[in-house]
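Okay, here's what each chain looks like letter by letter:
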Amino acid sequence: TASTMPKGDDLWQQVRADAEEASRTEELMRPTLSRHVLSRKSLPEAVVSVLAQDLSSPLLPEAILFDLLLGALQRVQDALEEDLLFVRHSDAACTTFMTPILFFKGFQALQAHRAGHQLYLDGRRLIALQLQSRVSQVYAVDIHPGAQMGKGLVIDHGTGVVIGETAIVG
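All values derive from a computational prediction rather than experimental measurement.

Engineer: What's the story with the overall build of the protein in this structure? I'm lost.
Structural biologist: Per the secondary structure count, the protein includes eight helices and four strands. Its helices and strands in sequence order give the protein the pattern α-α-α-α-α-α-α-α-β-β-β-β, from N to C terminus. Radius of gyration (C-alpha) of the protein: 15 Å, near the 15 Å computed for a compact globule of 170 residues. Its C-alpha atoms give the protein principal-axis dimensions of about 40 × 40 × 25 Å. Within the protein, buried positions represent 51% of all 170 residues. Put simply, 57% of the contacts in the protein that link residues at least 6 apart link residues at least 24 apart.

In structure tokens:
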């Protein structure tokens, strides 16, 4: 039920617990889990760690992209948390809270959009559009940074999803 779902720091601690358990049982995943979850201080940091690695390019280095995305995603952490809770409890393929962060490109694309939308609202439209372009190239999900996305959403699989600038979803 909604009242028993972890939120805030409790949700982050559950993500970390999932990663710690996986690290004990799957040795080959230890470097990935350490880099993206266990070495991080918060849920937004973990998500942005994956996004910055995936979306970086020679013209947009990972460290710069990490800082840019983190500043934006921290401002919408409540939406990030609701998305994570929704996908975990509605998708039978999602068996842990860390799974969408590391492996679900629909979730990853939605979080990149949330960061890009904040940049777009801040008047940083060119960087928001560049981010949209990279997300489309990497995750095959194209969401205009002007599109308004509600909270508690899931984009299952994601390939081929296109959401335009005037769309209001959720």
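Engineer: What is the right way to read the side chain of T96 from this model?
Structural biologist: Checked against the element boundaries, T96 lands in the loop between α5 (77-90) and α6 (98-103). At 3.4 Å, the side chain of T96 forms a polar contact with the backbone nitrogen of M98. Of the polar contacts made by the side chain of T96, one reaches the side chain of T99; its length is 2.5 Å. Here T96 is in contact with D18 and R88, once residues within four sequence places are set aside.

Engineer: Please clarify how the packing of helix α4 (residues 62-73) against helix α7 (residues 105-121) should be interpreted in this entry.
Structural biologist: One way to put it is that α4 packs onto α7 with a least axis distance of 8 Å and a crossing angle of 85°. Relative to α7, the element α4 is oriented roughly perpendicular. Residues L68, L69, A72 and L73 of α4 lie in contact with α7, whose contacting residues are Q111, R114, A115, Q118 and L119. The residue makeup of the contact of α4 with α7, split by class, is six nonpolar, two polar and one charged.

Engineer: When you look at the environment of I163 in this model, what are you seeing that I'm missing?
Structural biologist: Inspection of the secondary structure assignment puts I163 in strand β3 (residues 161-163). Sequence separation of I163 and I64 is 99 residues, and the distance between their C-alpha atoms is 27 Å. When neighbours within four sequence positions are excluded, I163 is seen to be in contact with D142, I143, H144, A147, M149 and V169.

Engineer: I would appreciate a short explanation of α7 in the present structure.
Structural biologist: Helical geometry: 3.6 residues make up each α-helical turn, so side chains three or four residues apart lie on a common side. In a regular helix each residue adds 1.5 Å, so 17 residues correspond to 24 Å; α7 covers 24 Å between its end C-alpha atoms and thus fits that length. With 15 of its 17 residues buried, α7 lies for the most part within the structure. Just past α7, the residue G123 takes up positive phi, approximately 85°.

Engineer: Looking at this structure, how should I read helix α3 (residues 43-55)?
Structural biologist: Compared with the 18 Å implied by 1.5 Å per residue over 13 residues, the 18 Å span of α3 between its first and last C-alpha is a close match. By the criterion of burial, α3 is predominantly enclosed, with 11 of the 13 residues buried.

Engineer: Looking at this model, I keep getting lost on the pattern of salt bridges. Mind explaining?
Structural biologist: Two side chains bearing opposite charge may form a pair once their charged atoms approach each other closely. All told, the structure shown has six salt bridges when counted by the stated rule. With its nearest N and O atoms 2.8 Å apart, the salt bridge here joins E21 to R24. Separated by three residues within a single helix, E21 and R24 lie in helix α1 (residues 8-25), roughly one turn from each other. Across the salt bridge formed by D78 and K151, the nearest N and O atoms sit 2.4 Å from each other. Remark: K151 occurs in the loop between β2 (148-149) and β3 and D78 occurs in helix α5; sequence separation between them is 73 residues.

Engineer: When you look at the nonpolar core in this model, what are you seeing that I'm missing?
Structural biologist: Note on soluble globular proteins: their nonpolar side chains tend to be buried together. Residues V15, L43 and L84 are the most contacted members of the largest nonpolar core, which totals 53 residues. Examining the composition of this core, we find that eight residues originate from one element, α3, more than from any other. For V15, the contacting residues outside a window of four places in its chain are V37, L43, L84, F97, M98 and I101.

The rules we used
- Residues numbered from 1 in each chain as written.
- Predicted model: local features only at pLDDT ≥ 70, side-chain atom pairs only at ≥ 80, totals over all residues.
- Heavy atoms only, no water.
- Helix = DSSP H or I, 4+ residues; strand = E, 2+ residues; numbered from the N terminus.
- Rg over C-alpha atoms; globule rule 2.2 N^0.38 Å.
- Buried < 20%, exposed > 50% of the residue type's maximum accessible area, 1.4 Å probe, protein only.
- Contact = heavy atoms within 4.5 Å.
- Polar contact = N/O pair within 3.5 Å; in protein donor to acceptor, adjacent residues only side chain to side chain.
- Axes fitted to C-alpha atoms, helices over the stretch in contact; angles between N-to-C directions.
- Parallel < 35°, antiparallel > 145°, perpendicular 65-115°, else oblique.
- Nonpolar A, V, L, I, M, F, W, Y, C, P; charged D, E, K, R; others polar.
- Expected span 1.5 Å × (residues − 1).
- Salt bridge = Lys/Arg side-chain N within 4 Å of Asp/Glu carboxyl O.
- Core = buried A, V, L, I, M, F, W, Y, C linked by side-chain atoms within 4.5 Å.

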